[in-house]
Amino acid sequence: MSEPKDRQAAITGIGVVAPNGTSTDTFWKATQEGHSVLDRVTREGCEHLPLKVAGEVRAFDPAATIEERFLVQTDRFTHYAMAAADFALDDARLGPSGIPDAPYSIGVVTAAGSGGGEFGQRELQRLWGKGSRFVGPYQSIAWFYAASTGQVSIRRGFKGPCSVVASDEAGGLDALAHAARAVRRGTDVIVAGSTEAPLAPYSMVCQLGYAELSRETDPTRAYRPFTEGACGFVPAEGGAMLVIEAAGTAEDRGAAIRAVVAGHGATFTGASRWTESRHGLAHAIRQALAEAGCAPEEIDVVFADALGVPEADRAEVLALADALGPHAARVPVTAPKTGTGRGYCAAPVLDTAAAVLAMEHGLIPPTPNVFDVCHDLDLVTGHARVAAPRTALVLSRGLMGSNSALVLRAGTRQ
């Protein structure tokens with residue numbers, strides 16, 4: 001049974017802090033133009049590590065938007081989340097008094113893959129270098145993957161349902177789906193998304209255990225999915241937060257509905273079992289289509305997972321063929337993250353933001369640094385493609401085996 005129209009999960013606000021833009025406008029401009037910002041890692045203490053290329057957020061001053069009392073008790077990944085949440089709420093023109101029964105009608109859902117590694121490393125170095133009396137009290141919470149949900153809700157006074165999704169990299173999409181379902185069940189507004197900050201020495205050392213991580217030193221060749229030169233993925237930091245609210249609530253206050261979260265599916269196929277991910281991802285796509293009441297041929301654009309590992313790329317192409325049938329060879333596919341890096345749980349949320357913007361602007365952004373596609377795939381490369389997408393499919397897979405698919409439908413703002 002479909003939900004009442006006034007309980008549809010509408011996206012009314014987007015906030016972005018990404019390597020290619022620290023606002024939604026700058027992010028979209030760089031994304032639609034296919035700019036690649038992948039470059040050498042510049043973070044202190046990372047110079048000697050074999051991971052040389054990443055997507056860094058460089059034009060971001062947390063002190064410009066976040067109060068000092070919150071900055072000192074949080075890690076970089078939460079700074080991104082608080083700023084992106086502010087941007088999203090401003091974009092939705094939504095303050096705590098803007099809906100009935102605030103603040104209990106607003107909740108927060110985030111996903112995180114690694115938490116606050118930079119903060120945790122600093123405090124552990126103080127512990128071993130100077131002693132326990134030099135460790136700050138916020139060490140107990142700042143590293144925790146739930147910190148962003150907690151701090152966004154505390155800072156903004158949101159007392160509705162709050163949660164953290166821990167389901168691998170695909171958790172970014174799962175968090176949006178969790179938010180959408182909370183809205184359908186009766187919560188008016190959920191601030192949802194993911195931000196990551198994995199570019200610190202401790203965090204980077206942990207990532208070196210991933211066989212899928214690219215060690216290429218040339219930024220233009222380090223992340224090239226769906227090509228013969230695919231050699232893994234490049235990590236990134238930053239992310240996005242979205243305001244997801246009941247369509248009826250949005251209409252009552254005159255807010256523009258930018259898109260609707262129409263369907264979601266999730267499966268699990270095991271760590272690095274990329275051949276098996278074909279079947280798990282295809283099943284997730286079918287689940288998402290069924291929940292959305294969407295036929296395969298209605299999908300106008302696919303935002304691919306695009307891991308950059310030959311076996312995984314092949315499995316994704318086959319999963320699309322399995323789930324979409326003959327339409328899979330015709331539907332435009334894109335992977336803008338090849339120009340910014342793959343920000344773990346944040347990557348599919350940025351893809352979701354890009355999908356909403358693509359539907360609004362009638363443009364499918366290109367896949368930077370990729371030209372020689374070696375699969376039966378209509379991958380958009382070189383330049384943005386003029387189109388009129390009304391339904392988008394966003395895909396994500398995690399290194400530990402989670403698969404997720406999200407169907408978005410264009411909103412009334414288009």
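Okay, so let's go over this structure. For clarity, every value in this text was computed on a predicted model and none was experimentally measured.

A few words now on the packing of aromatic side chains. Overall, the coordinates contain 5 aromatic pairs when judged by the stated rule. Seen from their ring centres, Tyr-210 and Tyr-344 are 6.3 Å apart, and the 50° between their planes marks the pair as tilted. Of this pair, Tyr-210 sits in the loop between helix H8 (201-207) and strand E7 (238-246) while Tyr-344 sits in the loop between strand E10 (332-334) and helix H12 (346-361); the two residues are 134 residues apart in sequence, bridging distant segments of the chain. With relative accessibility at 26%, the residue Tyr-210 sits in the partly exposed group. A relative accessible area of 10% places Tyr-344 in the buried class. Taken together through their ring pairs, the aromatic side chains of Trp-143, Phe-144 and Tyr-145 make up a single cluster.

Counting residues in hydrophobic clusters, the biggest one holds 50 residues, and the most contacted among them are Ile-285, Ile-299, Val-302, Leu-320, Leu-324, Leu-393 and Leu-395. Secondary structure elements with two or more residues in this core: strand E3 (53-54), helix H10 (274-292), helix H11 (310-324), strand E14 (391-397) and strand E15 (402-410). Counting residues per element, this core draws most heavily on H10, which supplies 8 residues. Leaving out residues up to four positions away in the same chain, Ile-285 has contacts with Ala-319, Leu-320, Ala-323, Leu-324, Leu-393, Leu-395 and Ala-405. Within the second largest apolar cluster, 46 residues are counted, among which are Trp-28, Cys-345, Ala-353 and Met-359.

With that out of the way, let us pick up the pairing of E7. If a strand is regular, its side chains alternate between the two faces of the sheet. Across the 9 residues that make up E7, a large majority, 9, are buried. Strand direction decides the pairing type here: strand E1 (residues 9-17) and E7, joined by 8 bridges, are antiparallel. Bridged to Gly-13 within E7 is Val-243. Strand direction decides the pairing type here: strand E6 (residues 189-196) and E7, joined by 8 bridges, are antiparallel.

The next subject is a nonpolar patch on the surface. Together, Val-72, Tyr-138 and Ile-141 make up a nonpolar patch on the protein surface, roughly 230 Å² of accessible area in all. Here Ile-141 lies in helix H5 (residues 139-142).

The pairing of strands in a sheet comes from backbone hydrogen bonds and takes either a parallel or an antiparallel form. Taken together, the 11 strands give an open sheet; going across it, the order is E5-E4-E6-E7-E1-E8-E15-E14-E9-E10-E12, and neighbouring strands pair in mixed fashion. For this open sheet the edge positions go to strand E5 (162-165) and strand E12 (378-379), each flanked by a neighbour on one side alone. Lying on the sheet, H12 is in contact with E1, E6, E7, strand E8 (259-268), strand E9 (301-303), E14 and E15; it crosses E14 at an angle near 170°.

Attention shifts here to the packing of helix H1 (residues 24-32) against H12. The N-to-C vectors of H1 and H12 enclose an angle of 80°; their axes lie 11 Å apart at closest approach. On the basis of the axis angle, H1 is roughly perpendicular to H12. Across the interface between the two elements, Thr-24, Phe-27, Trp-28 and Thr-31 from H1 touch Leu-350, Ala-353, Ala-354, Leu-357, Ala-358 and His-361 from H12. Grouping the constituent residues of the contact of H1 with H12 by class yields 7 nonpolar, 3 polar and no charged.

Here we come to unusual backbone geometry. Keep in mind that most residues, glycine aside, have a negative phi and that most peptide bonds are trans. Non-glycine residue Arg-93 carries a positive phi angle of around 55°. As for its placement among the helices and strands, Arg-93 is situated in the loop between helix H3 (76-91) and strand E4 (106-111). The backbone of Asn-369 sits at a positive phi, close to 70°, despite the residue not being glycine. Position of Asn-369 relative to the elements: it lies in the loop between strand E11 (363-364) and E12.

It is worth spelling out the pattern of salt bridges at this point. In this structure the tally under the stated criterion is 22 salt bridges. Glu-118 is paired through a salt bridge with Arg-76; the nearest N and O atoms lie 2.9 Å apart. Here Glu-118, found in helix H4 (residues 117-129), pairs with Arg-76, found in helix H3; they are 42 residues apart in sequence, far enough to count as distant. One salt bridge connects Arg-253 with Glu-245, and the closest N-O pair in it is separated by 2.5 Å. Arg-253 sits in the partly exposed class, given a relative accessible area of 22%. In this structure, a network of salt bridges that share partners links the residues Glu-169, Asp-305, Glu-316, Arg-342 and Arg-397.

Cut-off values and rules
- Residues numbered from 1 in each chain as written.
- Predicted model: local features only at pLDDT ≥ 70, side-chain atom pairs only at ≥ 80, totals over all residues.
- Heavy atoms only, no water.
- Phe/Tyr/Trp six-rings, centres within 6.5 Å; stacked < 30°, edge-to-face > 60°.
- Helix = DSSP H or I, 4+ residues; strand = E, 2+ residues; numbered from the N terminus.
- Buried < 20%, exposed > 50% of the residue type's maximum accessible area, 1.4 Å probe, protein only.
- Core = buried A, V, L, I, M, F, W, Y, C linked by side-chain atoms within 4.5 Å.
- Contact = heavy atoms within 4.5 Å.
- Pairing = 2+ DSSP bridges.
- Patch = residues over 30% accessible without salt bridge, like charges linked within 9 Å, V, L, I, M, F, W, Y side chains within 5 Å.
- Areas by Shrake-Rupley, 256 points an atom, 1.4 Å probe, with all protein chains shown as cover.
- Salt bridge = Lys/Arg side-chain N within 4 Å of Asp/Glu carboxyl O.
- Axes fitted to C-alpha atoms, helices over the stretch in contact; angles between N-to-C directions.
- Parallel < 35°, antiparallel > 145°, perpendicular 65-115°, else oblique.
- Nonpolar A, V, L, I, M, F, W, Y, C, P; charged D, E, K, R; others polar.

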